[in-house]
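# Overview (structure and organization)
As a plain string of letters, each chain reads:
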Amino acid sequence: DVEVTPRWLDFMLVYMDAHPEVAACQPKIRAERNKEYFEYAGAAGGYIDCYGYPFCRGRIFDVVEKDEKEAGLRKVLNFGHTLGHGVEAALQDTDRALLHGECVGMGMTVMCDEDVKERIVKILNVLNIPVKYEFDFDEALDAVTHDKKLNGSTISTVYVSKIGSYELRDMTKEELSSRLKLLLL
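Computed from a prediction, not measured in an experiment: that's the story for all the values here. (Residues numbered from 1 in each chain as written. Predicted model: local features only at pLDDT ≥ 70, side-chain atom pairs only at ≥ 80, totals over all residues. Heavy atoms only, no water.)

To continue, consider a negative patch on the surface. Taken together, the side chains of Asp93, Asp136, Asp138, Glu139 and Asp142 define an acidic patch exposed on the protein surface. With respect to the element layout, aspartate 93 can be found in the loop between α2 (81-91) and α3 (100-108). (Patch = residues over 30% accessible without salt bridge, like charges linked within 9 Å, V, L, I, M, F, W, Y side chains within 5 Å. Areas by Shrake-Rupley, 256 points an atom, 1.4 Å probe, with all protein chains shown as cover. Salt bridge = Lys/Arg side-chain N within 4 Å of Asp/Glu carboxyl O. Lys, Arg positive; Asp, Glu negative; His and termini not counted. Charge placed at Lys NZ, Arg CZ, Asp CG, Glu CD. Helix = DSSP H or I, 4+ residues; strand = E, 2+ residues; numbered from the N terminus.)

Right under this line is the structure:
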């Protein structure tokens, strides 16, 4: 949960008025229970409602963030994002584009053990989110291999072997390519 303060949008409104090329922006909002941490509403396609409160479709982790630079605990929020971003990039200029959270959900299904995957697939099915999709594989792989988490010849990813835990795994382009292929129809 979050709490907004009076005039909390003023800075963004002034900024957007001064920068007409900016179409949208979303603030980082402090968590209500721990003001040192940011509330994270982007895990499954974050939105802000008409009152300025963040919400999302199907949050997977209940994590607030103190780390704005994607180090430490903040990295766990990247579960499914690397491959999801690849799929999203390959679909962005098509008439078959998916929402960010839908692509991330698909990415989650191949970054975990089978029993975890079964639970994620059940959730995605209830939400009518595909677990496989038709997309340009080469374009998706290109986006994956240019990810901001690239470190030399590997990309830092989040892998979930059982519900409630995770591990950070450095994966090669070949490993990610084989997992990305699992998302193709």
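Attention shifts here to the pattern of salt bridges. Counted under the stated rule, the structure contains one salt bridge. Where arginine 169 meets glutamate 167, a salt bridge forms, and the shortest distance between an N and an O atom there is 3.0 Å. Under the relative-accessibility criterion, arginine 169 is labelled partly exposed at 26%. For glutamate 167, a relative accessible area of 32% translates into the label partly exposed. (Buried < 20%, exposed > 50% of the residue type's maximum accessible area, 1.4 Å probe, protein only.)

Before going further, it helps to spend a moment on α2. Along α2, eight of the 11 residues are buried, which leaves the element largely enclosed by surrounding structure. When we look at burial in α2, the residues that qualify are His81, Thr82, Leu83, Gly84, Gly86, Val87, Ala90 and Leu91. Looking at the packing, one finds that the buried side of α2 touches α3, α5 (137-145), β7 (154-159) and α6 (173-181). (Contact = heavy atoms within 4.5 Å.)

Three or more residues of α5 are buried, namely Phe137, Ala140, Leu141, Val144 and Thr145. When α5 is viewed along its axis, its buried side chains cluster within an angular range of 130° and face the same direction. If you check the start of α5, you find a side-chain oxygen 3.1 Å away from the backbone N of aspartate 138, and it comes from aspartate 136. (Arc of directions from axis to C-beta. Polar contact = N/O pair within 3.5 Å; in protein donor to acceptor, adjacent residues only side chain to side chain.)

For asparagine 128, which is not glycine, the phi torsion reads 60° and is therefore positive. Mapped onto the elements of the fold, asparagine 128 is located in the loop between α4 (114-126) and α5. By relative accessible area, asparagine 128 is classed as exposed at 68%.

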